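Spelled out, the chains give:
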Amino acid sequence: EKGARTSDPAALARLRRERGDVLAERQGDAARATGELEAVLASDPDDRAALRALEKLYERQGRELDYLRTVERLADLAESDAERLMLLRRLAAEWEERRGGDGGPGGARTSGLDRAADALEQILQLAPDDPDAFRACTRGDRRAGRGRARAEAIERRRGRAVDRAESRALSSELGQVYEQELRDP
């Protein structure tokens, strides 16, 4: 119990992470390992090593919401845009697949599609020309019945079109959104 004798927070966090690893990997005690790692985060919510370990534990335990929230926290703490984009793409895909509601920030109920849309918007802020994120964003907006958001996304993309053909296709799609979804011919 070296951790009980040290007053150095960094050393204590390291010992708790190591204990969590031993509990999870060698003893198969995911619940106690999770407790150790959550204790690390209680004193340092930005401990990326503890978050990465919890991400794996939550996924193995099937704790889907805890897993997704942990990936969101890792995305917020990403050290590079490339890492943040990779995590946001995972989040968008997994939230879109989930679709159901969750206990969102502050206990608010938010759909998986809404959370996917949030991740996709963050991707488009970092990489505005990302065609996959654009398609996923408009697909999610269509599924969730968010015609206005879909129209705005198409309009933004149209402003970044690489050629006239793409611009025309986006204009046509935008017209359909206004006519069919927003009832504004």
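In case you missed it, the structure is sitting above this.
Residues numbered from 1 in each chain as written. Predicted model: local features only at pLDDT ≥ 70, side-chain atom pairs only at ≥ 80, totals over all residues. Heavy atoms only, no water.

Caption draft 1: Highlighting the overall build of the chain. A count of helical and extended segments in the chain gives 10 helices and 2 strands. Ordering the α and β elements of the chain from the N terminus gives α-α-α-α-α-α-β-β-α-α-α-α. Counting every position in the chain, which comprises 185 residues, the buried fraction comes to 37%. Intrachain contacts of the chain at a sequence separation of at least 6 include 40% that bridge at least 24 residues. In the form shown here, the chain has an accessible surface area of approximately 10,600 Å², with 46% of it arising from carbon and sulfur atoms. (Helix = DSSP H or I, 4+ residues; strand = E, 2+ residues; numbered from the N terminus. Buried < 20%, exposed > 50% of the residue type's maximum accessible area, 1.4 Å probe, protein only. Contact = heavy atoms within 4.5 Å. Areas by Shrake-Rupley, 256 points an atom, 1.4 Å probe, with all protein chains shown as cover.)

Caption draft 2: Seen up close, the pattern of salt bridges. Tallying each qualifying case throughout the model produces 26 salt bridges. In this structure, the salt-bridge partner of Arg90 is Glu55, at a minimum N-O distance of 2.3 Å. With Arg90 in helix 6 (residues 81–98) and Glu55 in helix 4 (residues 48–61), the pair connects residues that are 35 residues apart, well separated along the chain. The exposure class of Glu55 is buried, given its relative accessible area of 11%. What emerges from the salt-bridge pattern is a single network uniting Arg16, Arg19 and Glu36. (Salt bridge = Lys/Arg side-chain N within 4 Å of Asp/Glu carboxyl O.)

Caption draft 3: How the structure looks around helix 3 (residues 30–43). Taking 1.5 Å of rise per residue, the 14 residues of helix 3 would be expected to cover 20 Å, and the 20 Å separating its terminal C-alpha atoms lies within 8% of that figure. Taken residue by residue, helix 3 has Ala33, Thr34, Glu36, Leu37, Val40 and Leu41 as its buried positions. Seen from one end, helix 3 has its buried residues packed into an arc of 160°, which puts them on one side. The outward face of helix 3, more than 90 degrees from its buried face, is lined by the exposed residues Ala31, Arg32, Ala42 and Ser43. Where the residues of helix 3 are buried, they touch helix 2 (9–26), helix 4 and helix 5 (64–76). (Expected span 1.5 Å × (residues − 1). Arc of directions from axis to C-beta.)

Caption draft 4: Broad picture of the nonpolar core. Ranked by internal contacts, the top residues of the largest apolar core, which has 32 residues, are Leu88, Leu91, Leu120 and Ile123. Elements that contribute at least two residues to this core include exactly helix 2, helix 3, helix 4, helix 5, helix 6, helix 7 (112–126) and helix 8 (131–143). Looking at this core, the element that brings in the most residues is helix 6, giving 6 residues. Not counting the four nearest positions on each side in its chain, Leu120 is found in contact with Ala92, Ala133, Ala136 and Cys137. (Core = buried A, V, L, I, M, F, W, Y, C linked by side-chain atoms within 4.5 Å.)

Caption draft 5: Looking closely at the environment of Cys137. You can see Cys137 is positioned in helix 8. For Cys137 and Ala117, which are 20 residues apart along the polypeptide, the C-alpha to C-alpha distance reads 6.0 Å. In this structure Cys137 touches Leu120, Glu121 and Leu124, once residues within four positions along its chain are discounted.

Caption draft 6: Representation of helix 5. Taking 1.5 Å per residue as the helical rise, helix 5 with its 13 residues ought to reach 18 Å, and the 18 Å between its terminal C-alpha atoms agrees with that figure. Of all the residues in helix 5, the buried ones are Tyr67, Leu68, Thr70, Val71, Glu72, Leu74 and Ala75. In this structure, the buried side of helix 5 is in contact with helix 4, helix 6 and helix 7.

Caption draft 7: Quick look at the environment of Arg156. Relative to the helices and strands, Arg156 resides in helix 9 (residues 147–158). Considered as a pair, Arg156 and Leu170 are 14 residues apart in the sequence and their alpha carbons are 10.0 Å apart. Here Arg156 is in contact with Glu121 and Leu124, once residues within four sequence places are set aside. Here the side chain of Arg156 touches Glu121 through a polar contact of 3.2 Å, side chain to side chain. (Polar contact = N/O pair within 3.5 Å; in protein donor to acceptor, adjacent residues only side chain to side chain.)

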